[in-house]
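Okay, here's what each chain looks like letter by letter:
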Amino acid sequence: MSKVIERPRYVCALGGAIGTIQSLPRAIPILHSSSGCGGNLAGALSGASGYNGGNYCGGQALPSSNVSERDIVFGGEGRLQEQIENTLKVMDGDLYFVVTGCMVEMIGDNVHAVTKRFKGEKLPVLAAETVSFKGNSYYGYELVLETLFRDFVEPAPVKDAGTVNLWGVVPMQDVFWKGNLGVLKSLLKKLGYETNTFFGQGETLENLKNSGKASLNIVVSDAYGIEAAKVFEEVHGVPYITVPLPIGDHGTSRFLRTVGKALGVDEIKVEKLIQEERKAYYPYLERLADVYNDLDFQRYATVVGDPNYTQAVTRFLSDDIGWLPELVVITDILGEEQKERVLASFGEYESGLRPEIVFDEDASSVVGYINRHWPQNQGQKYHKGFAPGVIIGSVMERDTAEQFKVPLLPVTYPISNRVVLNRAYVGYSGGLTLAEDVLSLVVAHR
Amino acid sequence: MAKKIKQIAIYGKGGIGKSTTTSNISAALSVAGYKVMQFGCDPKSDSTNTLRGGEYIPTVLDTLRDKQIVRAHDVIFEGFNGIYCVEAGGPAPGVGCAGRGIITSVSLLKQQKVFEELDLDYVIYDVLGDVVCGGFAVPVREGIAEHVFTVTSADFMAIYAANNLFKGIHKYSTEGGALLGGVIANSINAPYAKDIVDDFVARTHTQVMEYVPRSVSVTQAELQGKTTIEADPDSNQAKVYKSLAQKIINHTESKVPAPMETSELRQWAAEWGKQLVALESGLIAPAAAGNL
Ligand SMILES: Nc1ncnc2c1ncn2[C@@H]1O[C@H](COP(=O)(O)OP(=O)(O)OP(=O)(O)O)[C@@H](O)[C@H]1O
Ligand code: SF4
Ligand code: SF4
Ligand SMILES: [Mg+2]
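Cut-offs used in this document
- Residues numbered from 1 in each chain as written.
- Chains lettered and ligands numbered in written order.
- Predicted model: local features only at pLDDT ≥ 70, side-chain atom pairs only at ≥ 80, totals over all residues.
- Heavy atoms only, no water.
- pLDDT = per-residue confidence, 0-100.
- UniProt positions renumbered as here; feature names shortened; annotations may be inferred.
- Helix = DSSP H or I, 4+ residues; strand = E, 2+ residues; numbered from the N terminus.
- Contact = heavy atoms within 4.5 Å.
- Buried < 20%, exposed > 50% of the residue type's maximum accessible area, 1.4 Å probe, protein only.
- Polar contact = N/O pair within 3.5 Å; in protein donor to acceptor, adjacent residues only side chain to side chain.
- Pairing = 2+ DSSP bridges.
- Axes fitted to C-alpha atoms, helices over the stretch in contact; angles between N-to-C directions.
- Salt bridge = Lys/Arg side-chain N within 4 Å of Asp/Glu carboxyl O.
- Nonpolar A, V, L, I, M, F, W, Y, C, P; charged D, E, K, R; others polar.

For chain B, the average pLDDT comes to 90, and 93% of its residues sit at 70 or higher. Prediction confidence for the complex, expressed as pTM and ipTM, is 0.85 and 0.74 respectively.

This next bit is on the UniProt feature "binding site: [4Fe-4S] cluster" (unreviewed entry) in chain B. The residues that UniProt annotates with the feature "binding site: [4Fe-4S] cluster" (unreviewed entry) are Cys 97 and Cys 133 of chain B. For the residues just named, distributed over 37 residues, the greatest C-alpha separation is only 10.0 Å, placing them together at one site. Looking at the secondary structure, you find Cys 97 of chain B in the loop between strand S4 (84-87) and helix H3 (98-111). With near-sequence residues (within four places) excluded, Cys 97 of chain B lies in contact with Ile 72, Val 73 and Ile 107 of chain A together with Pro 91 of chain B. On the accessibility criterion, Cys 133 of chain B (34% relative accessible area) is partly exposed.

This part covers the UniProt feature "modified residue: ADP-ribosylarginine" (unreviewed entry) in chain B. Look at the UniProt record and you will see "modified residue: ADP-ribosylarginine" (unreviewed entry) annotated at Arg 100 of chain B. For Arg 100 of chain B, a relative accessible area of 33% corresponds to the partly exposed category. Contacts of Arg 100 of chain B, omitting those with residues within four sequence positions, involve Glu 69, Ile 72 and Val 73 of chain A. Within the structure, the side chain of Arg 100 of chain B is placed 3.0 Å from the side chain of Glu 69 of chain A, a separation counted as a polar contact.

What follows concerns the sheet that holds strand S3 (residues 125-128) of chain A. Residue and element names in this part refer to chain A. Ordered in space as S1-S2-S3, the 3 strands form an open sheet in which the pairing is parallel. The sheet is open, and its two borders are formed by strand S1 (27-32) and S3, each paired with just one other strand. On average, adjacent strands in this sheet sit at an angle of 25 degrees to one another, irrespective of strand direction. With 4 bridges joining them, strand S2 (residues 95-100) and S3 adopt parallel strand pairing. Of the residues in S3, the one forming a bridge with Phe 97 is Leu 126.

This paragraph deals with the interface of chain B and chain A. By convention, interface size is frequently given as the accessible area that disappears when the constituent parts associate. Taken together, the 14 residues of chain B in the interface contact 7 residues of chain A. The interface formed by chain B and chain A contains 1 salt bridge. Across the contact surface, chain B and chain A share 5 residue pairs in polar contact (both at pLDDT 80 or more). Among the secondary structure elements, those contributing two or more residues to the side of chain B that touches chain A are helix H2 (60-66) and H3 of chain B. No other element matches H2 of chain B, which puts 5 residues into the side of chain B that touches chain A. Of the residues belonging to the side of chain B that touches chain A, the class tally is 5 nonpolar, 5 polar and 4 charged.

Here it is as structure tokens:
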């Protein structure tokens, strides 16, 4: 029997796919599944992603074949065809995307055979077999991207040196995805590049369709979107790099140097940009210097969540605001190769920090790791356990935070106790936002 | 006080003679005065053909495809001597889920309590070849049938299939599933064929219910769309089927079989193979062959 994961921090592949498609401009997901999938997933996605309910044709308004027993016994392809026809008639989109639930995958419905019948119609109908017994949200995200790259992005033999694509920030799973993508796009603009982020503010399907002409794909993750990048490279001949999600000066400066190097940007230009950004960034933090010392703002921290955020938050806490994020719990299911890449992103701290990093999918295990890392006071005067401490994680760390009587800032999925619109944590500006949020916790009782 | 309905499932490798044997058992039970339903659990839906003059009846699933709600009485057809015939039916080959179809059909009749209403003595499920998935194990599972009989010949592939079925029964036996009544040895003509089946049942801790010879009377009856019981009631073959039916009537206690491990089964088959080769090449005197 396989291991049970207590309170997982993702939904199924179908859910990941829906979250991804509904975040694309003017794309309409069509579910080929039973009616429960769409309803449950819409609730799970919205409630856990800072109440991002999806827009037109998202959230609870998802077209679905709602297969019933009859369709299971005889096969659901006919029902799907009908659903696609009807959706094309009544829903106003520019791209239709069929994704599948477990039951139709079990019985082997051939969705590609059905969508093929719509080839040559005015609007494209794509399909991905989002087999939820094979993976979670992130797998669904990869599958959608792979399908878009294979079947929607047009071949572009001539590349444009001034254009890049960027992904790896997973819509919904990164609750701040929209804001984050916007920040990354404008940073790269300052380096002189046009960036397609596909999901961010102001993106269009047209940009996605023409993304084959980009000169580089930047995967802002050591775990997600890499398979899709391989597909992009294979189909469109565009190379890719992976780079950790950047928060604050230290993370973002590394990000700019890595990307600049890969793009062959003049080093002087990159350093100049970094200096400019720092000039804007540090004065804000300097304003806090006195009070930071007088009121002792420094804290121990436990960072819990996905690989993208945990490494970024840890570097930010350690090197940008001088905290002691000594314990990191990474909660996603990762392969050995992924783990290695992820571990490598937790090094070279300016502060000399050597955080303890554990991979564990269970929310309740965090307590044990905290107690192990910071043993409780056993009569000794200066041994006070995890205090003064802060947990940066998801809403699932609430019980743990209460138990240790420390504040919690939820920044990783799921987040149900914050409403998130365009807040961003990445980049220099996002670093300041995160500084505001974590340091406010320290003064919250005043 | 409702009487207890005896529910029986017949399994076995594809083409081994399940439907022929089942229909003859149904016919013999019916002639003996019992109220019988034969339930074909096979998308081919030909189980009850020889009870209905060779014709196909509309299946539960065909009916379900056309209407949202199916009344059990729309899918029950009377055949020879008033036997109730039902075919589960199923999707076209290669699409949908035939296993789910069986579950749907069986539970539809169960829900509508037709077995009780028709005051049946016997329900016999004739189930498709190999138990490929959960759906086809339904009659064994969930206490729908209490007794399972396996049709097998002395061919090794048929015995493999029987052994696989035993594994399934073994697995479900702890969860209130059906138990094994015994083996119906079909097409047993050569003397060694009986010995092979006897040896198999001894090793797997079960019994042979009946040895049914291969007979042209079966073929002739089938060509007329009839069972042997109907077409040729006084034949020897009909007597064999009647004797089999009587043994099923008398049968009360089924058991958990002891299936062989795959490697054990292979070795067992290989040893028999060697003996058969020796027999063919005349190394063993024909007189001694009867003892093999
Ligand atoms: N004892 C027998 N003597 C002569 N012919 C037989 C005998 N048993 C079965 N047959 C013949 O073998 C053929 C297959 O039999 P049947 O259809 O009963 O097999 P089955 O196990 O139900 O097959 P399937 O798995 O395809 O449903 C039929 O033509 C039938 O007449
Ligand atoms: S049935 Fe499968 S596809 Fe549907 S919600 Fe559950 S895991 Fe996801
Ligand atoms: S293997 Fe069985 S359960 Fe699975 S789809 Fe086929 S018939 Fe259905
Ligand atoms: Mg048959």
